[in-house]
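Survey of secondary and tertiary structure
Single-letter residue listing:
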Amino acid sequence: MSLPLPLEGVRILAVEQFGAGPFGTLYLADMGADIVKIEPPQGDSARMSGPHFLSENDSHFFQTFNRNKRSIVVDLKTAEGQAVLHRLVPRFDAVMNNLRGDQPDALGLTYEALCHLKPEIVCCHLSAYGRTGPRASWPGYDYLMQAEAGWMSVTGEPDGLPTRAGLSVVDYMTGITASLGLVSALLGAARTGRGRDVDVSLYDVAMHQLSYPATWYLNEGTVTGPRPRSGHPNFVPCEMMPTADGWVFVMCVLPKFFVALCEALGAPELPDDPRFNTQKGRKENRDAMMEILDPLARTRTTSEWMEAFGGRVPAAPVLTIDKALDNPFFRERGGVRVAPHPLRPDFAMVASPIRTGADAPSNAGPAFGGQTDEVLGEAGYGAEEIAALKSAGTVR
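It should be emphasised that the depicted structure is a prediction, and the values quoted were computed from it without experimental measurement.

Glancing now at the nonpolar core. Grouped together as the largest cluster of nonpolar side chains are 31 residues, with contacts concentrated most on Ile12, Leu28, Val122 and Leu182. Of all the elements in the fold, those that place two or more residues in this core are strand 1 (11-15), helix 1 (20-30), strand 6 (94-97), strand 7 (122-127), helix 7 (169-192), strand 8 (197-201) and helix 8 (202-208). With six residues, the top contributor of residues to this core is helix 7. Once residues lying within four places of it in the same chain are set aside, the contact partners of Leu182 are Ile12, Leu28, Ala94, Met96, Val122 and Cys124. With 27 residues, the next largest nonpolar core counts Val15, Phe92, Leu99 and Ile121 among its residues.

Now the structure itself:
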């Protein structure tokens, strides 16, 4: 017997846009939650984000973050729109937003504003800098967080410019963190009958991800910087090594892996060299060690080394995005899912990394306001009421 999806029956209103918030609720939608996007009259800005478009109000970017969701259009800046929100809330378990920090209060999306409608409602707020303090009204984006949180100072080569991560990792991690906070608060509300506000900010998440380099600095004053070839700050060799046709990344975190690497490269005597027989020595004598290892690594191709290492040496080929997505291992794991779109029946996306034992839904992202009538009808609105709201411009 197949299992139900773990979040089946959970209903979430999401006043979300662009990347961070939609990425977080995407995880919940893939696990069965009913995510109803409340879009403003101008729509989620992701719909207009290029370079690839499906229609006037739809893009590859939007589809990436919004599969398995429903869309309604409500102008929450009007009294009539607020009345619609209040009529919807009792039918939902949570209200999620990723607006500027001062907006949840302005738009009545907080627990204080909604708890009289449903005491157990959870209100999750994802913002750039939080809802309090001098930056509450500041706009903010992923790249800014990477800069201010020190990420760019540890990325790239030691003699190069500070470098950002190639993907919007702060956005994505903040979305996931917000979804974890939301689900945790739902568990609490189920036990106590009382909801709450949950706050997550891009800035706080970016700072939290400093992890052990932060601990090193806070306790020992150690300032971590970039390492050659994107290497680990402490373990050596844990970095890219050149091959006959590219690069392979090796991670000799344990002494046995260094021994296995040297054996595979044809230098079994190297682990006994007094310069390299301890982790401290390998780090201090890294340049001398790589002068020995690099010429050996260049004698075979990346694929040949991957076969030779055979799981004995933790290693990975350094791939471009196309080769990563075409990797047979990725395809065998079901990494690509088709979410049939009205204009592209074969529309493909990366599948959710969470495997729950249930068949994940695979529906394309919603048309702009595609479910407004449906969702309002579920809340008890009649056809004439909906028509009046549309005529007034309150909903679409």
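Next up on the list: helix 10 (residues 255-265). Every buried residue belonging to helix 10 is among Phe257, Phe258, Ala260, Leu261, Cys262, Ala264 and Leu265, and all of these are buried. Packing partners of the buried residues in helix 10 comprise strand 9 (238-242), strand 10 (247-251), helix 11 (279-284), helix 12 (286-297) and helix 13 (302-309). One or two positions beyond helix 10, positive phi appears at Gly266, with a value near 90°.

Here the focus is the pattern of salt bridges. Enumeration over the complete set of coordinates arrives at 26 salt bridges. Note that Arg47 is salt-bridged to Glu39, the shortest N-O span being 2.7 Å. Under the relative-accessibility criterion, Arg47 is labelled buried at 1%. Among the residues examined, Glu39 registers a relative accessible area of 0% and is labelled buried. Here the salt bridges do not stand alone but share partners, grouping Arg11, Asp34, Arg70, Glu374 and Glu378 into one network.

On to the pairing of strand 5 (residues 69-73), then. Among the five residues of strand 5, five are classified as buried, and the element is accordingly described as predominantly covered. Here strand 5 shows no split at all, with Lys69, Ser71 and Val73 on one side and Arg70 and Ile72 on the other all buried.

The next point concerns helix 1. Across the 11 residues of helix 1, 11 count as buried, placing the element largely inside the fold. Here helix 1 has its buried residues at Ala20, Gly21, Pro22, Phe23, Gly24, Thr25, Leu26, Tyr27, Leu28, Ala29 and Asp30. Just downstream of helix 1 lies Gly32, where phi reads positive at about 105°.

What holds strands together in a sheet is hydrogen bonding between their backbones, with the strands either parallel or antiparallel. What the six strands build is an open sheet, ordered 5-2-1-6-7-8; its pairing is parallel. The open sheet has two edge strands, strand 5 and strand 8, and neither has a second partner. Taken over all neighbouring pairs, the strand axes of this sheet differ in orientation by 20° on average, direction set aside. Summarising the sheet, strand 2 (residues 34-39) and strand 5 pair through five bridges and their orientation is parallel. Its bridge partner being in strand 5, Lys37 is matched across the sheet by Ser71.

Now for the side chain of Thr243. Locating Thr243 in the fold gives a position in the loop between strand 9 and strand 10. Looking at Thr243, its side chain comes within polar contact range of the side chain of Thr302, at 2.8 Å. Those residues in contact with Thr243, other than ones at most four positions away along the chain, are Val248, Ala297, Arg298, Arg300, Thr301, Thr302 and Trp305.

Criteria and thresholds
- Residues numbered from 1 in each chain as written.
- Predicted model: local features only at pLDDT ≥ 70, side-chain atom pairs only at ≥ 80, totals over all residues.
- Heavy atoms only, no water.
- Core = buried A, V, L, I, M, F, W, Y, C linked by side-chain atoms within 4.5 Å.
- Buried < 20%, exposed > 50% of the residue type's maximum accessible area, 1.4 Å probe, protein only.
- Helix = DSSP H or I, 4+ residues; strand = E, 2+ residues; numbered from the N terminus.
- Contact = heavy atoms within 4.5 Å.
- Salt bridge = Lys/Arg side-chain N within 4 Å of Asp/Glu carboxyl O.
- Pairing = 2+ DSSP bridges.
- Axes fitted to C-alpha atoms, helices over the stretch in contact; angles between N-to-C directions.
- Polar contact = N/O pair within 3.5 Å; in protein donor to acceptor, adjacent residues only side chain to side chain.

It is worth stressing that arrangement in space is one thing and function is another; only the former is reported here.
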